[in-house]
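# Results of the structural survey
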Amino acid sequence: MNTQNLSTPSNFRWTICGLLFIATTINYLDRQVLSLTWKDFISPEFHWNNNDYGNITALFSIFYAASMLFAGKFIDWLGTKKGFLWAIGIWSVGACLHAFCGIAASGILTGNWFVSFSGSKEVLHTVKDISRLINVSVVLFIFARLVLAVGEAGNFPAAIKATAEYFPKKDRALATSIFNAGATVGALAAPVTIPFIAQAMGWEMAFIIIGGLGFVWMGLWTFYFKKPELHPKVNEAELKYIQQDQDDIFNTTGENKPETNFSFKKCFSYKQTWAFAFGKFMTDGVWWFFLFWTPAYLSSVYGMDSTQSAFPLFILYVITLLSIIGGWLPTYFVDKLGMNPYSGRMRAMLIFAFFPLLGLLAQPLGSINYWIPIIIIGVALAAHQAWSANIFSTVGDMFPKKAIGTITGIGGMAGGLGSFLINKGSGVLFDYSHKAWTTIDGVPLLEKYPQYADARLPEGFFEGLQKSGAVISDGINTGYMIIFSICAVAYLIAWVVMNALVPKYKVITN
């Protein structure tokens, strides 16, 4: 331990926070490659529709949910350093695997395995059984998403655990909001990089280049991370500051001494666990819906391709950076109003829960200008990230450090289930509304073309009608309005139930 300048904290904890921020940024970049490439680059190659994409994103959510349940215990068992290395290593491999789905599909469908990325496109173009091509490609992407989900599930349990190890309770919401802002920065960087990489080098290289960033981070984590009581860059004053909370007595073990952790049965016996899980179930899906579907929304409703939507999406996520207020507001309530950490967070979360209600206006006002829904969605996502930073911090407020990974994993599983429902439901709803509620010259589409009631619409169907002068009112707008409305009210419902389950601050110590 550094014995110099003992009276002044060394502040190395913020370096760790910075590494967590970078990891979360990479995490969200990897997730978003598919959402920014499927419509313009992947779908034409494999003939996907909204439901196909919805199935892939929904199953990613369910894989993520199941993995989160065990990722927390895995992190608690293996330790923060090794656990995080395993997590980001697995998800980086998964991210890169997406790039080889075209080659694998050409091998399965034609027996031609030894082709380049461009060669696989030529081979797949000769496949006459389009239905089989769709099914095979979807299954291959689902497998790649499975590997990605298993690894990415470890990010937040490890990051929350590292935050609890390096920050006292009063600073955890701020530290969490900073590293959690990596989700916004990753989402912000994605639309101004990924479509252009895909356009210049092919969609496969977008997955490989973005996926490779994780391996670089692993080297930094290996070099910099140790527990604070063992780290030479953490002096005595900083260690004292970090361990100022009473529950630090529950975690004084070194990196090589595994901590005992709570069983699932014990965790589920607490109302605090159910409150956290319900809050995640109701709200995580909102973030994932906007992350996965906003590019498709701009394409379907406003006719933008991935490069045209890059700047609007960039501005959307710039607005999301306002979420940093989520870390400051509860600290203000604690320091200035004397509230306990949990009460301060709940008050802040109630305030943040009102902002997504603006989503009720996004689709109606979007007829004026597409910038209106962009701004509204940005504000809603900023509120989500502010909410997210605080709901994560409630775990550290109420549970000892030895249980944080497990509880975070349970909440992540619940959030993944919510994400599965909204992503699967959205894909089905959008394809249904696109056919059932669309009118052509005032006549319902399926009344005019009943042959498509149980069949896919031909590629270029609407473009051909528009060229012939038909007036089309696309029912998918109504589908988006329904999903936007669900997202708008989710946070208030979550807050009411959480407050009913845990109305007062109560620390669990065993």
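## Some remarks on the overall build of the chain
For the chain, the helix and strand inventory stands at 22 helices and three strands. In terms of overall dimensions, the chain is globule-like: its C-alpha atoms have a radius of gyration of 24 Å, near the 24 Å expected for 510 residues. Relative to its full complement of 510 residues, the chain shows a buried share of 58%. Residue pairs at least 24 apart in sequence account for 83% of intrachain contacts in the chain once pairs closer than 6 positions are excluded.

## Points about the confidence of the model for the chain
Here the chain shows a mean pLDDT of 87. Residues at 70 or above account for 95%. Taken together, the stretch residues 247-260 has pLDDT below 50 and engages in 35 contacts with residues farther than four places along the chain or on a different chain.

## Quick notes on the nonpolar core
In terms of nonpolar packing, the biggest core is built from 132 residues, with Trp48 and Phe289 touching the most fellow members. With 15 residues, the top contributor of residues to this core is helix H13 (residues 271-302). When neighbours within four sequence positions are excluded, Trp48 is seen to be in contact with Leu34, Trp38, Ile42, Ser43, Ile56, Ile134, Ser137, Val138, Phe141 and Arg456.

## Looking at the packing of aromatic side chains
Here the structure, examined in full by the defined rule, presents 48 aromatic pairs. Judged by centre distance (5.3 Å) and plane angle (65 degrees), the ring pair of Tyr297 and Phe484 falls under edge-to-face. Note that Tyr297 is positioned in helix H13 and Phe484 in helix H22 (residues 476-501), a separation of 187 residues in sequence. One exposure class covers both Tyr297 and Phe484, and it is buried. The positively charged end of Arg31 is found above the aromatic ring belonging to Tyr28, 4.8 Å away from the centroid. Looking at Lys73, its charged tip hangs above the ring of Phe264, at a distance of 5.0 Å from the centre.

## Some thoughts on helix H5 (residues 117-125)
Of the residues making up H5, those classed as buried are Gly119, Ser120, Val123 and Leu124. Along the axis of H5, the buried positions cluster into a sector of 135 degrees, meaning they face one direction only. Of the residues in H5, the exposed ones pointing more than 90 degrees away from the buried face are Glu122 and His125. Taken together, the buried residues of H5 touch helix H1 (13-46), helix H4 (101-110) and helix H6 (130-152).

## Thoughts on the pattern of salt bridges
A side chain of one charge can pair with a side chain of the opposite charge if their charged atoms are brought near each other. One pass over the full model with this rule turns up nine salt bridges. Among the salt bridges present, the one from Asp284 reaches Lys280, with a minimum N-O distance of 3.2 Å. Here Lys280 and Asp284 lie together in helix H13, a separation of four residues that amounts to about one turn. Because the salt bridges share partners, they merge into one network encompassing Glu45, Lys121 and Glu204.

## Here's the deal with a nonpolar patch on the surface
A contiguous nonpolar surface patch, about 580 Å² in accessible area, is contributed by Ile351, Phe355, Leu358, Leu360, Leu361, Leu365 and Ile368. Examining the composition of the nonpolar patch, we find that three residues originate from one element, helix H17 (residues 359-365), more than from any other. In this structure, Ile368 sits in the loop between H17 and helix H18 (371-398).

## Some thoughts on the packing of helix H3 (residues 80-97) against helix H10 (residues 203-224)
For the pair H3 and H10, interaxial distance at closest approach is 8 Å and the crossing angle is 165 degrees. As far as their axial angle goes, H10 and H3 are roughly antiparallel. In this structure, H3 meets H10 at a crossing whose hand is left-handed. In contact with Thr80, Lys81, Phe84, Leu85, Ile88, Gly89, Ser92, Val93, Ala95 and Cys96 of H3, H10 contributes Phe207, Ile208, Gly211, Gly212, Gly214, Phe215, Trp217, Met218, Trp221 and Thr222. In terms of residue class, the contact of H3 with H10 is built from twelve nonpolar, seven polar and one charged.

## Structural notes on the sheet that holds strand S2 (residues 443-444)
Strand order in this open sheet of three strands is S2-S1-S3, and the pairing throughout is antiparallel. Taken across any chain shown, the strands that pair with only one partner, and hence form the sheet edges, are S2 and strand S3 (472-473). In terms of strand pairing, strand S1 (residues 439-440) meets S2 through two bridges, oriented antiparallel. The residue of S2 that forms the bridge with Ile440 is Val443.

Rules and cut-offs
- Residues numbered from 1 in each chain as written.
- Predicted model: local features only at pLDDT ≥ 70, side-chain atom pairs only at ≥ 80, totals over all residues.
- Heavy atoms only, no water.
- Helix = DSSP H or I, 4+ residues; strand = E, 2+ residues; numbered from the N terminus.
- Rg over C-alpha atoms; globule rule 2.2 N^0.38 Å.
- Buried < 20%, exposed > 50% of the residue type's maximum accessible area, 1.4 Å probe, protein only.
- Contact = heavy atoms within 4.5 Å.
- pLDDT = per-residue confidence, 0-100.
- Core = buried A, V, L, I, M, F, W, Y, C linked by side-chain atoms within 4.5 Å.
- Phe/Tyr/Trp six-rings, centres within 6.5 Å; stacked < 30°, edge-to-face > 60°.
- Lys NZ or Arg CZ within 6 Å of the ring centre and 35° of its normal.
- Arc of directions from axis to C-beta.
- Salt bridge = Lys/Arg side-chain N within 4 Å of Asp/Glu carboxyl O.
- Patch = residues over 30% accessible without salt bridge, like charges linked within 9 Å, V, L, I, M, F, W, Y side chains within 5 Å.
- Areas by Shrake-Rupley, 256 points an atom, 1.4 Å probe, with all protein chains shown as cover.
- Axes fitted to C-alpha atoms, helices over the stretch in contact; angles between N-to-C directions.
- Parallel < 35°, antiparallel > 145°, perpendicular 65-115°, else oblique.
- Left-handed = near helix turned anticlockwise from the far one by under 90°.
- Nonpolar A, V, L, I, M, F, W, Y, C, P; charged D, E, K, R; others polar.
- Pairing = 2+ DSSP bridges.

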